[in-house]
Amino acid sequence: QVQFVESGGGLVQPGGSLRLSCAPSGRIFSLYTMAWYRQAPGKHRELVARVDSGGHTEYADSVKGRFTISRDNAKNTVSLQMNSLKPEDTAVYYCNAGAVVTTTGVNDYWGQGTQVTVAS
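Just so it is clear, the model here is predicted, and its values are computed rather than measured.

Calculation notes
- Residues numbered from 1 in each chain as written.
- Predicted model: local features only at pLDDT ≥ 70, side-chain atom pairs only at ≥ 80, totals over all residues.
- Heavy atoms only, no water.
- Phe/Tyr/Trp six-rings, centres within 6.5 Å; stacked < 30°, edge-to-face > 60°.
- Lys NZ or Arg CZ within 6 Å of the ring centre and 35° of its normal.
- Buried < 20%, exposed > 50% of the residue type's maximum accessible area, 1.4 Å probe, protein only.
- Helix = DSSP H or I, 4+ residues; strand = E, 2+ residues; numbered from the N terminus.
- Pairing = 2+ DSSP bridges.
- Contact = heavy atoms within 4.5 Å.
- Polar contact = N/O pair within 3.5 Å; in protein donor to acceptor, adjacent residues only side chain to side chain.
- Disulfide = S-S within 2.5 Å.

Asks: Please clarify how the packing of aromatic side chains should be interpreted in this entry.
Replies: Applying the stated criterion to the full structure yields two aromatic pairs. Between the NZ or CZ atom of Arg 45 and the centre of the ring of Tyr 94, over which it lies, the distance is 3.7 Å. Taking the ring centre of Trp 110 as reference, the NZ or CZ of Arg 45 above it sits at 4.7 Å.

Asks: Sorry, what's going on with the pairing of strand S1 (residues 3-7) here?
Replies: The two faces of S1 differ: Phe 4 and Glu 6 on one face are buried, but Gln 3, Val 5 and Ser 7 on the other face are not. Of the strand pairs in this sheet, S1 and strand S3 (residues 18-25) are connected by five bridges, and their pairing is antiparallel. Bridge assignment links Val 5 to a residue of S3, and that residue is Ala 23.

Asks: What exactly am I supposed to notice about the environment of Tyr 32 here?
Replies: If you trace the backbone, Tyr 32 turns up in the loop between S3 and strand S4 (33-39). For the pair Tyr 32 and Ala 97, spaced 65 residues apart in the sequence, the C-alpha separation amounts to 7.5 Å. Residue contacts for Tyr 32: discarding those within four places in its chain leaves Val 51, Asp 52, Ser 53, Arg 71, Gly 98 and Ala 99.

Asks: I keep staring at the side chain of Asp 89 and nothing clicks. Help me out?
Replies: Take Asp 89: it is sitting in the loop between strand S8 (77-82) and strand S9 (91-102). A relative accessible area of 1% places Asp 89 in the buried class. Among the polar contacts made by the side chain of Asp 89, one reaches the side chain of Arg 66 at a distance of 2.8 Å. Contact partners of Asp 89, with chain neighbours within four places excluded, come to Arg 38, Arg 66, Phe 67, Ser 84, Val 116 and Val 118.

Asks: Explain the side chain of Asn 76 here, please?
Replies: With respect to the helices, strands and loops of the structure, Asn 76 is situated in the loop between strand S7 (67-72) and S8. Judged by its relative accessible area of 11%, Asn 76 is buried. Not counting residues within four places of it along the chain, the set of residues in contact with Asn 76 comprises Phe 4, Cys 22, Pro 24, Ile 28, Leu 31 and Met 34.

Asks: I tried to follow the state of the cysteines on my own but got confused; where do I start?
Replies: The term disulfide refers to a covalent linkage connecting the sulfur atoms of a pair of cysteines. Inspection of every chain in the model, using the stated rule, returns one disulfide. Note on cysteine connectivity: Cys 22 is disulfide-linked to Cys 95, with sulfurs 2.1 Å apart. Residues Cys 22 and Cys 95 share a disulfide whose torsion about the S-S bond is about -80°; that sign makes it left-handed. In this pair, Cys 22 is assigned in strand S3 and Cys 95 in strand S9, connecting sequence segments 73 residues apart.

Encoded structure:
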């Protein structure tokens, strides 16, 4: 069974940096998009950044110029470099993989989430 597992969350002071990573377990033939979403307490889950198989990226306005998404197509992994973090970036961050082709078909997958807390 395929799973995607995030790592790299934690507590950081305002202005600091964190790097999140997401990697799959199990056999994957291909996938199309990889993305990071976040959900703060009392708020809906929102898209933070997305990258497709061609390397095209998309960012939420609130993180443009501060966050960078990257993927390794050979390993089917995705990372999110977060710089100049603000308290409003505090949330649970989720990895998402879209149109993942495995031995059981084509599906979307979510990671379990990793907490990012920005506070002094």
